[in-house]
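What the coordinates show
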Amino acid sequence: MKRILVIRGGAIGDFILTLPALAALREAYPNAEIEILGYKHIAALAEDRFYAQRVRSIESGLLSRFFAKDAHLPAERATYFA
């Protein structure tokens, strides 16, 4: 099974404009597991629907190292992004 991670920040309008791209991904990969990494309260619009099975918060403390210079991700996060 293919796994696809869509990383999408931005406000609700930006996210709504992303929905056609998510629909195109779903159409191209109907059996893929699609997950969205974004603002949970916004990306929840697509969770458990046609677009994506799961949503994770981009604001998670576990991801803060991802945005820091010379920081290392915990092994769990490195595997997640691999």
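Just so we're clear, the structure is a prediction, and the values are computed from it rather than from any experiment.

Attention shifts here to the packing of aromatic side chains. The geometry of an aromatic ring pair is captured by the separation of the ring centres together with the interplanar angle, meaning the angle of the planes. Evaluated as defined, the whole model comprises 1 aromatic pair. With a centroid separation of 5.6 Å and 75 degrees between ring planes, the pair formed by F50 and Y51 is classed as edge-to-face. A residue is classified by how much of its surface remains accessible, and Y51, at 22% relative accessible area, is partly exposed.

A separate point is the side chain of E35. Along the polypeptide, E35 turns up in strand β2 (residues 33–38). Under the relative-accessibility criterion, E35 is labelled buried at 6%. Apart from residues lying up to four places away in sequence, E35 is in contact with I4, L5, V6, R54, R56 and Y80.

Attention shifts here to the sheet that holds strand β1 (residues 3–8). Strands sit in the order β1-β2-β3 across an open sheet of 3 strands; the sheet is parallel. Strands with a single pairing partner mark the edges of an open sheet, and in this sheet they are β1 and β3 (54–57). The mean angle between the axes of side-by-side strands here comes to 20 degrees, regardless of whether they run parallel or antiparallel. In this sheet, β2 lies alongside β1 in parallel orientation, the contact comprising 6 bridges.

Conventions adopted
- Residues numbered from 1 in each chain as written.
- Predicted model: local features only at pLDDT ≥ 70, side-chain atom pairs only at ≥ 80, totals over all residues.
- Heavy atoms only, no water.
- Phe/Tyr/Trp six-rings, centres within 6.5 Å; stacked < 30°, edge-to-face > 60°.
- Buried < 20%, exposed > 50% of the residue type's maximum accessible area, 1.4 Å probe, protein only.
- Helix = DSSP H or I, 4+ residues; strand = E, 2+ residues; numbered from the N terminus.
- Contact = heavy atoms within 4.5 Å.
- Pairing = 2+ DSSP bridges.
- Axes fitted to C-alpha atoms, helices over the stretch in contact; angles between N-to-C directions.

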